[in-house]
Amino acid sequence: MAKQMHLNAFTQCSVCHHSKGQWKNPLDGSSLGYKDINYWVDLAKTLERGCFDSLFLADVHGTYDVYGGSRETAVRHTVQFPSNDPTLPISAMAYATSYLGFACTYSTTYFHPYQTAKLFSTLDHLTKGRVAWNVVTSYLADGNENFGLGSQMMSHDERYERAEEYMDVVYQLWEHSWEDDAAIRDKERDIHNDPSKVHEINYEGKYFRVPGPHMCEPSPQRSPVIFQAGSSDRGVRFAARHAEGVFGIYPSIEGCRSYVTKVREAAKKFGREKEDLKIFPGITVIVDESDEAAKDKLENLKKYSSPEGALALFSGWIGIDLAALPSTDNIAEMKTDAIQGLLSALVEVDSDREWTLKDIGDHMSIGSLMPKIVGSPSTVADELERWMEETDCDGFNLVPVTQPTGFSDFVDLVVPELQRRGRLRSSYKTSTLREHYFGEGKKHMLKSHYAHSTLPEWKYK
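Now for a quick tour of the structure. Note that the structure is predicted; figures quoted are calculated from it, not measured.

### Structural notes on the packing of aromatic side chains
Following the criterion strictly, the structure yields 21 aromatic pairs and no others. Both rings, one in Y106 and one in F120, keep their centres 5.8 Å apart while their planes meet at 85°; by these two values the pair is edge-to-face. In this pair, Y106 sits in strand 3 (residues 101-107) while F120 sits in helix 5 (residues 113-126), placing the two residues 14 residues apart along the sequence. Of the two residues, Y106 and F120, neither departs from the other in class, the shared state being buried.

### Considerations on helix 15 (residues 405-420)
When the terminal C-alpha atoms of helix 15 are compared, their 22 Å separation across 16 residues agrees well with the 22 Å that a helix rising 1.5 Å per residue should span. The largest bend in helix 15 amounts to roughly 40° and is located at V414, with the proline P416 lying one to four residues further along. For helix 15, the set of buried residues is G406, F407, S408, F410, V411, L413, V414, V415, E417 and L418. Looking at the buried positions of helix 15, the neighbouring elements they touch are strand 1 (6-12), helix 2 (37-49), strand 11 (278-287), helix 14 (377-391) and strand 13 (395-398). Positive phi shows up at G422, right after helix 15, with a value of about 80°.

### Observations regarding the packing of helix 7 (residues 156-176) against helix 8 (residues 233-242)
The N-to-C vectors of helix 7 and helix 8 enclose an angle of 10°; their axes lie 10 Å apart at closest approach. When the axes of helix 7 and helix 8 are compared, the pair comes out roughly parallel. Across the interface between the two elements, H156, D157, Y160, E161, A163, E164, M167 and Y171 of helix 7 pack against R234, G235, F238, R241 and H242 of helix 8. By residue class, the composition of the contact of helix 7 with helix 8 is five nonpolar, three polar and five charged.

### A short note on the environment of F410
One can find F410 in helix 15. Counting along the chain gives 394 residues from F410 to C16, while the straight-line C-alpha distance between them is 17 Å.

### Points about the nonpolar core
Membership of the largest hydrophobic core comes to 86 residues, with the highest contact counts inside it found for F52, L55, W133, L384 and F410. It is helix 7 that contributes the most residues to this core, nine residues altogether. If sequence neighbours within four positions are ignored, L384 has contacts with M5, I283, I373, F396, F410, V414 and L418. Judged by nonpolar contacts, the second largest core, of 33 residues, contains A103, A132, F247 and L313.

### Some thoughts on the layout of surface pockets
Roughly 280 Å³ of volume is contained in the second largest pocket. Lining the second largest pocket are 17 residues, with Q4, H6, R425, E435 and H436 sitting closest to its centre. With three residues, helix 16 (residues 433-438) is the largest single contributor of residues to the lining of the second largest pocket. Of the residues in the lining of the second largest pocket, the class split is three nonpolar, seven polar and seven charged.

What counts, and at which threshold
- Residues numbered from 1 in each chain as written.
- Predicted model: local features only at pLDDT ≥ 70, side-chain atom pairs only at ≥ 80, totals over all residues.
- Heavy atoms only, no water.
- Phe/Tyr/Trp six-rings, centres within 6.5 Å; stacked < 30°, edge-to-face > 60°.
- Helix = DSSP H or I, 4+ residues; strand = E, 2+ residues; numbered from the N terminus.
- Buried < 20%, exposed > 50% of the residue type's maximum accessible area, 1.4 Å probe, protein only.
- Expected span 1.5 Å × (residues − 1).
- Bend = angle between axes of the 7 residues up to and from the residue.
- Contact = heavy atoms within 4.5 Å.
- Axes fitted to C-alpha atoms, helices over the stretch in contact; angles between N-to-C directions.
- Parallel < 35°, antiparallel > 145°, perpendicular 65-115°, else oblique.
- Nonpolar A, V, L, I, M, F, W, Y, C, P; charged D, E, K, R; others polar.
- Core = buried A, V, L, I, M, F, W, Y, C linked by side-chain atoms within 4.5 Å.
- 1 Å grid on protein atoms, 1.4 Å probe; cavity = no way out; pocket = protein on both sides within 12 Å on 5 of 7 lines; lining within 4 Å.
- Points joined across faces, edges and corners; volume = space filled by probe spheres on them.

Put into structure tokens, the structure is as follows:
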């Protein structure tokens, strides 16, 4: 039987997420829709019709102010700005659907772990076990200032060290503070919760002191599904220990295959099996009834692109002002405290090319650094299958050029072809998001997960 494909729809509560300039395109509704709850509810219904695993919502805090030494370009070209809070539409979308999961980005740098634990337990209750957390440490400098943390960001690796302790706190709150049968709801004895089964965690570390107990009773999944996108060596170690789902930008099959091997080998060192961790490369699909029609669609999309906005996005990602560089030839060897792993991405796209600023802007304005698949449903399905077979990935984060039309095109044209080939479910067999990924009955974190080793004091007694 062919390996089943998992699909996550990747977007943000902002305008033309990864394809700068498409807000001008009549096919794109994100400019007004991103702040309309009906837009999000309709999108969720479309994705559930297409049997997607989840809607994956990215987020940032701060502006892309690196390019040209100013945020002006980013503001002008709506580079993930303005951007709304992604946690708030989830309840409405969950109410309108029955199976679609919702992955949400939340920063370990800007929000306290006690609040994060409460937020995701609440969402897991309200969605009946369909929520995931994309763990990020954040990378935009003015976001740091706006949260009162000063102009100097912690170094890349220190942010990860702090996040390690952060995860210990939330795991103890989710997994170990409440016993399974603590909420007894005994009307005769007038006892809702048994105090002897609700425990403080008494966590004390370098960065956090959290006595507990957790504010929420155990939710259907207890812990949300954990996503992470670590691509640097330090990020890979973090993902290998914590992530149940890993996503990222791998511009080539070779680069994706190398990363899949690397992160799974790293996970073995934490006692985890290959199947314990699902990997989803981001991919941009432009599909139409025929290959020729899809190529024409791509050419039309290019008419609306904003290459300068794309340069502002990339400069913010890598923390380097591309406009100030005399040459981008050695960009892969530079060091940054932003997203280190993306520095080599252009080399992966074409190692022989001398990338000018114009080249980078033109390339990134359509789907940023995502691999682009352009063609008929059959052509797209062939290429998705090839990626799975040659990289051993588990599916994809779909990043369309226009929204929501790019998602509906995929659902209407590609999904039936994948279902015909036996690659994609035709109906949902499970109800929680973790079960979508790992199988029926696996609502809770697998026993091999690091969370089960983060025992609070009371469990040692």
